[in-house]
Amino acid sequence: MTGRLWGVGLGPGDPELVTVKAARLIGEADVIAFHSARHGRSIARSVAAPYLRQGQVEEALIYPLTTETTDHPGGYQGAIDDFYAACAVRLAAHLDAGRDVVVLCEGDPLFYGSYMHMHKRLSHRYVTEVVPGVTSVSGASAVLGRPLVERDEVLTVLPGTLPAKVLAERLAATDSAAVLKLGRTFTKVRDALAEAGRLDEAWYVERATTGQQRLAPLAEVDPGSVPYFSLALIPSPVNSPVNASSPAPAAVAETPGEARARGEVVVVGLGPAGRPWLTPQAQEALAEVDELVGYGPYLDRVPPNPRQRRHPTDNRVEAERAAHALELAAAGSRVAVVSSGDPGVFAMASAVLEVACEPRFADVPVRVLPGLTAAHAVASRAGAPLGHDYCVLSLSDLLKPWEVVAERISAAAKADLVLALYNPASKSRTWQVAAARDLLLEHRAPQTPVVVGRDVGGADEHMTVTTLGDLDPGAIDMRCLLLVGSSTTRVVERADGERVVFTPRRYPA
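Along every chain, residues carry numbers that run from 1 in the direction the sequence is written. Where local features are concerned, this predicted model is filtered to residues with pLDDT of at least 70; where side-chain atom pairs are given and counted, the filter is 80 or more; whole-chain, interface and lining totals use all residues. Neither water nor hydrogens contribute to the side-chain values; these are computed over all heavy atoms in the structure.

**Observations regarding the overall build of the protein**
The following threshold applies: By definition, any uninterrupted DSSP run of H or I lasting at least four residues is a helix, any uninterrupted run of E lasting at least two residues is a strand, and each is numbered from the N terminus. Restricting the calculation to C-alpha atoms gives the radius of gyration, and the globule rule supplies 2.2 Å times the number of residues raised to the power 0.38. The cut-offs for exposure are 20% and 50% of the maximum accessible area for each residue type, with area from a 1.4 Å probe on protein chains only; residues under the lower value are buried, those over the upper are exposed, and the others partly exposed. The criterion used for residue contact is that any of the two residues' heavy atoms lie within 4.5 Å. Throughout, the Shrake-Rupley method with a 1.4 Å probe supplies accessible areas, and for residues the shown protein chains are the sole cover considered. In this tally Asp and Glu are treated as negative and Lys and Arg as positive; neither His nor the chain ends contributes. Working definition for charges: the position is that of NZ of Lys, CZ of Arg, CG of Asp or CD of Glu.
From N to C terminus, the protein includes 15 helices and 23 strands. A compact globule built from 509 residues would reach a C-alpha radius of gyration of about 23 Å, whereas the protein, at 36 Å, exceeds it by more than 25%. Dimensions along the principal axes, computed over C-alpha positions, put the protein at roughly 110 × 65 × 45 Å. In the protein, which comprises 509 residues, the share counted as buried stands at 45%. Put simply, 68% of the contacts in the protein that link residues at least 6 apart link residues at least 24 apart. When the accessible surface of the protein is totalled, it reaches about 25400 Å², and 53% of it is carbon and sulfur. Averaged over its 50 positive side-chain charges, the protein has a centre that lies 3 Å from the centre of its 59 negative ones.

Dropping the structure here:
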């Protein structure tokens, strides 16, 4: 079997800008081929050196001439064509013997790259793949800290070997430009830039990303100091620096008024547990804000970011927490108030909106982002107990009288609704679950299915399916959520042994 041919781009010069794939292929290849001038020093090989291994065959493809004259009957082009043909024969011998060959190329192999001459001669005969690399144009833009093009702008890439008139016409007709192959063409390129009225915009970049890198306004460069591996760059005119002698864009100061205009409060639902339960919309909001406000354990579920300030609070100071978030936003901060589950279900959205309706916060925007509720998470683990009409109630009597809670439990039970019971018990509230069970038994059969979900999505997740008559209030704590079935809710053991709970969508006539 024949070997494979790889054209591998090495980027603009920094060995750390070699792609992971390129580095792997260089290390694996049987044969490493690279071009050089007669002096034998190959820039491509020096960039690839950290990835070479002992025992590899190296094929140095040494140009017979660069700028010299030649007595070849075909002139310069004839000599170069013969050289490329001879190189292809050398590489083909390795490929025919089953050896994989990597041809190294600075920048990108098919962007003014030396590799393309091997590609044209060999790729139709052997399995070939080209590995792209960072171009010198991209490298120059990066070291200048200036964008190449933005929005609808046009970038024109030109070889400095074009006639001066053509260069001037192309430079005058484009937004941004890169002129490669400077060296001996530098004076012509500089004159073309001047004729096009673009000289003051042009930058000179030499050996970008390497230790010999040089940057300068092109008008100030001595033509005698310009090597082949340099280029002229006219960056994007959008957001051009105020100080033309500096390559990096000038910083634009933000006024206090602009900072205040950015302030807002976004109330974010974290879902019932970790990141897998978090919506992409919520993730995006959490990543963008400056400040995070919330109950301490909920804040702990948001990965720390040193750019952001965190304001943990106790769970019983909702109004104070909301006011603090709104005050931070009024001062210009983007603030996230976090809630477990959905912020609009027994959580912080209503508290924030209530305080936000005070006149002092009239100018502070407030957004509410939904989250997966605990009821839906528990239901999904059991099957589909919420498949028909259902009611959501909190058993906590801290913010409303128990008499109201009891009336609602009885009304929902009498209406034959499935119930999702939040906040069933705590260290200080220990009797409400038993009281709710007794109220439900006045209207429901003891065999009514009950699903108890504890820490769903967390490390201590535990699911229990029992009945209303067998429900043990002592096993319920604040980390639990109860789903009490209706008269139609069923518990079925499937053929595979899995037990599922669901409420049919059809109600009996």
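**So, the sheet that holds strand β23 (residues 499-502)**
Just so we agree on the cut-off: Whether two strands pair depends on DSSP finding at least two bridges between them.
Here three strands make up an open sheet; going across it, the order is β16-β23-β22 and the pairing mixed. Only two strands of the sheet have a single neighbouring strand rather than two, namely β16 (383-384) and β22 (490-493).

**Some details on unusual backbone geometry**
Of note in the backbone geometry, R207 takes a positive phi value of approximately 45° without being a glycine. Position of R207 among the secondary structure elements: in the loop between β8 (203-206) and β9 (214-217). Despite not being glycine, D416 has its phi angle at roughly 60°, a positive value. On the secondary structure map, D416 appears in the loop between α14 (402-414) and β18 (418-422).

**Some words on helix α7 (residues 186-195)**
For clarity, the threshold we go by: The directions from the helix axis to the C-beta atoms are what the arc is built from.
F186, V189, A192 and L193 are the residues of α7 that are buried. Seen along its axis, α7 keeps its buried residues to an arc of 125°; they face one direction. Against the buried residues of α7 lie α6 (164-172), β7 (176-180), β8 and β10 (230-234). Following α7 by one or two positions, G197 has its phi on the positive side, about 75°.

**What about helix α15 (residues 432-441)?**
The complete set of buried residues in α15 reads Q432, V433, A436, R437, L439 and L440. The arc that holds every buried residue of α15, seen down its axis, measures 165°, which confines them to one face. Turning to α15, the residues buried within the fold contact α14, β18 and β21 (480-484).

**Looking at the sheet that holds strand β6 (residues 155-159)**
Rule in force here: Axis lines are fitted to C-alpha atoms, over the contacting stretch for helices. Their N-to-C directions set the angle, which ranges from 0 to 180 degrees.
If you trace the five strands from one edge of the open sheet to the other, you get β6-β7-β10-β8-β9, paired in mixed fashion. Since the sheet does not close on itself, it has two edges, and those belong to β6 and β9, each with one partner. Sheet twist, expressed as the average angle between the axes of neighbouring strands with direction ignored, equals 20°. As paired elements, β7 and β10 share three bridges and run antiparallel to each other. Each bridged residue has a counterpart across the sheet, and for A178 the counterpart in β10 is L233. Where helix α5 (residues 136-144) meets the sheet, it contacts β7, β8, β9 and β10, and its direction lies at approximately 65° from that of β10.

**Things to note about the packing of helix α11 (residues 318-330) against helix α12 (residues 348-356)**
Heads up, the rule is: Working rule for angles: under 35 degrees goes down as roughly parallel, over 145 as roughly antiparallel, 65 to 115 as roughly perpendicular, anything else as oblique. Crossings are assigned a handedness: left-handed for a near helix turned anticlockwise from the far helix by less than a right angle, right-handed for a clockwise turn.
Interhelical geometry of α11 versus α12 gives an angle of 60° and a closest axis separation of 9 Å. Relative to α12, α11 is oriented oblique. In the crossing of α11 with α12, the sense of the turn from one axis to the other is right-handed. Contacts between α11 and α12 involve E318, A319, R321, A322, A323 and L326 from the former and M348, A351, V352, V355 and A356 from the latter.

**Describing the side chain of T156**
To keep it simple, the criterion reads: Think of a polar contact as two N or O atoms within 3.5 Å of one another; within protein, one of them needs to be a possible hydrogen donor and the other a possible acceptor, and neighboring residues in sequence only count if both atoms come from side chains.
Tracing the sequence through the fold places T156 in strand β6. The exposure class of T156 is buried, given its relative accessible area of 17%. In terms of polar contacts, T156 uses its side chain to reach the side chain of T174, at 2.8 Å.

**Some remarks on the pattern of salt bridges**
Worth spelling out the cut-off: The rule for a salt bridge is simple: a side-chain nitrogen of Lys or Arg has to be within 4 Å of a carboxyl oxygen of Asp or Glu.
Under the counting rule described, the total for this entry stands at 22 salt bridges. Residue K21 is joined to E129 by a salt bridge in which the shortest nitrogen-to-oxygen separation is 2.5 Å. With a gap of 108 residues between them, K21 in helix α1 (residues 20-28) and E129 in strand β5 (residues 128-131) connect regions that are remote in the sequence. Between R381 and E461 there is a salt bridge, with its nearest N and O atoms 2.8 Å apart. Of the two residues, R381 is situated in helix α13 (residues 374-382) and E461 in the loop between β19 (449-454) and β20 (462-467); the sequence distance between them amounts to 80 residues.

**A few points about the packing of aromatic side chains**
For clarity, the cut-off: Ring geometry is summarised as follows: Phe, Tyr and Trp rings, the Trp one being its six-membered ring, pair when their centres sit within 6.5 Å, and such pairs are stacked at plane angles under 30 degrees, edge-to-face over 60 and tilted between the two.
All chains considered together, the criterion is met by nine aromatic pairs. Centre to centre, the rings of Y63 and Y84 are 6.2 Å apart; their planes meet at 80°, and the pair counts as edge-to-face. Highlighted residues: Y63 in the loop between β3 (57-62) and α3 (75-96) and Y84 in helix α3, separated in sequence by 21 residues. With relative accessibility at 17%, the residue Y63 sits in the buried group. Seen from their ring centres, F83 and Y84 are 5.4 Å apart, and the 45° between their planes marks the pair as tilted. For the pair shown, F83 and Y84 are each scored as buried. Feature note: the residues Y63, F83 and Y84 constitute an aromatic cluster, connected by ring pairs.

**Focus on the confidence of the model for the protein**
Defined as follows: The predictor attaches a confidence to each residue, called pLDDT, with possible values from 0 through 100.
Here the protein averages 91 in pLDDT, while 95% of its residues score no lower than 70. Counting contacts from residues 249-261, a segment whose pLDDT is below 50, to residues more than four positions away or on other chains yields 13 contacts.

**Here we look at the environment of R499**
Note on placement: R499 falls in strand β23. Here R499 falls in the partly exposed class, since its relative accessible area comes to 47%. In sequence terms R499 and A382 are 117 residues apart; their C-alpha atoms lie 8.1 Å from each other. Setting aside chain neighbours within four positions, we find R499 in contact with A382, V465, V491, V492 and E493.

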